[in-house]
Amino acid sequence: MDTPDTTLKIQTLGRFSMSVAGKAVATDWPDETMKVLFCSFLSPLDLYFTWDRICRSTLGVPDTPASRRLLEETFIRPLNSYLTRQFGFNPLIAGREGMRIAQQRIHLDATEFHSDVIGGVRLLSLGNLAAAHEKFNGAASLYAGSYLPGIPGKIIASTRNELDSLYHFALMNSMPTARNSGALR
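Residues numbered from 1 in each chain as written. Predicted model: local features only at pLDDT ≥ 70, side-chain atom pairs only at ≥ 80, totals over all residues. Heavy atoms only, no water.

A.B. asks: Can you help me understand the nonpolar core in this one?
C.D. replies: By size, the foremost hydrophobic cluster in this structure holds 50 residues, and its most contacted members are L8, M18, F38, F87 and F113. With seven residues, helix α3 (residues 65–87) is the largest single contributor of residues to this core. For F38, the residues in contact, after removing those within four places along its chain, are I10, M18, W29, L79, L83, F87, P91, L92 and I101. (Core = buried A, V, L, I, M, F, W, Y, C linked by side-chain atoms within 4.5 Å. Buried < 20%, exposed > 50% of the residue type's maximum accessible area, 1.4 Å probe, protein only. Helix = DSSP H or I, 4+ residues; strand = E, 2+ residues; numbered from the N terminus. Contact = heavy atoms within 4.5 Å.)

Laid out in structure tokens, this is it:
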């Protein structure tokens, strides 16, 4: 049943868990590759994935009509069915050029963390030290540990490294910002 106000909450920092209306979902994946593929779409760094990138990361081959058909039959259709059964809706949006997650139906901690750090950097560059400090502190409080720990994959590993770096950046810049913002009052 597709309920428009259903929000899928996904925790990716420190551990991987998902819930709809407070109830844990997708706790038993039928296939590890499907789980890794879905988790790859959760990266806040890449909001859209081309078919070529999906084929290369999942099948190890470039996008061709044959590889796309194999991808569709082996992973995409079963993943869509699984997600619909688990969440009550399918959060994946397929287009001519690739796939993405429907962000409006999902609350993803990594996206909120990333947004806070980038917002803090923007505010810092504008000289708004107090607001930047608030954003960096918000990001630090969201960061419960590395992104999708224990889940393999190139896209996931790349995102994990980038988010770890952003976390350290936020910590390093929140300390001097705190001293400076206090001195300006």
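A.B. asks: Is there a simple way to think about α3 in this case?
C.D. replies: Side chains that are three or four residues apart share a direction in an α-helix, a result of its 3.6 residues per turn. Where α3 bends most, at E72, the angle is about 45 degrees. Within the span of α3, buried status applies to S67, L71, F75, I76, L79, N80, Y82, L83 and F87. On its buried face, α3 sits against β1 (8–11), β2 (17–20), α1 (32–40), α2 (51–58), β5 (92–94) and β6 (98–101). Backbone geometry just after α3 places G88 at a positive phi near 90 degrees. (Bend = angle between axes of the 7 residues up to and from the residue.)

A.B. asks: So what exactly am I meant to see when it comes to the pattern of salt bridges here?
C.D. replies: Where side chains of opposite charge bring their charged atoms close, a pairing between them can arise. If you walk through the whole model with that rule in mind, you get six salt bridges. Its salt-bridge partner being R68, residue D63 comes within 2.8 Å of it at the nearest N-O pair. The class of D63 is partly exposed, set by a relative accessible area of 26%. (Salt bridge = Lys/Arg side-chain N within 4 Å of Asp/Glu carboxyl O.)

A.B. asks: Teacher, can you tell me more about the environment of I151 here?
C.D. replies: Tracing the chain through its elements places I151 in the loop between α5 (129–142) and α6 (154–183). Residue classification places I151 among the buried residues on the basis of a relative accessible area of 6%. The sequence separation of I151 and V36 amounts to 115 residues, and the corresponding C-alpha distance is 6.8 Å. I151 has contacts with F16, K35, V36, C39, I156 and R160, leaving out every residue within four places of it along the chain.

A.B. asks: What's the story with the sheet that holds strand β3 (residues 23–24) in this structure? I'm lost.
C.D. replies: Strand-to-strand pairing in sheets goes through backbone hydrogen bonds, with the strands running parallel or antiparallel. The strand order across the open sheet formed by four strands is β3-β2-β1-β7, and the pairing between neighbours is mixed. The sheet is open, and its two borders are formed by β3 and β7 (106–108), each paired with just one other strand. Looking at chain direction, β1 and β7 are connected through three bridges and run parallel. By the bridge assignment for β7, L8 is matched with I106. (Pairing = 2+ DSSP bridges.)

A.B. asks: Could you clarify how one ought to interpret α1 in this entry?
C.D. replies: Taken across its nine residues, α1 has seven buried, putting it largely inside the fold. Of the positions making up α1, those classed as buried are M34, K35, V36, L37, F38, C39 and S40. Structurally, the start of α1 carries an N-cap: the backbone nitrogen of T33 is 2.7 Å from a side-chain oxygen of D31. (Polar contact = N/O pair within 3.5 Å; in protein donor to acceptor, adjacent residues only side chain to side chain.)

A.B. asks: Explain unusual backbone geometry here, please?
C.D. replies: In terms of backbone geometry, most residues other than glycine have negative phi values and most peptide bonds are trans. Even without glycine at this site, A21 takes up a positive phi of about 55 degrees. Assignment of secondary structure puts A21 in the loop between β2 and β3. A residue is classified by how much of its surface remains accessible, and A21, at 81% relative accessible area, is exposed. The phi dihedral of L148 falls on the positive side, at around 40 degrees, and the residue is not glycine. Relative to the elements of secondary structure, L148 occurs in the loop between α5 and α6.

A.B. asks: Can you walk me through the pairing of β1 in this structure?
C.D. replies: By the alternation rule, side chains of β1 split into L8 and I10, which are all buried, and K9 and Q11, of which none is buried. Here β1 pairs with β2 via four bridges, running antiparallel. Each residue of the ladder has a partner; that of K9, found in β2, is S19. Counted between consecutive antiparallel strands, the loop separating β1 from β2 contains five residues, among which G14 sits at a positive phi close to 90 degrees.

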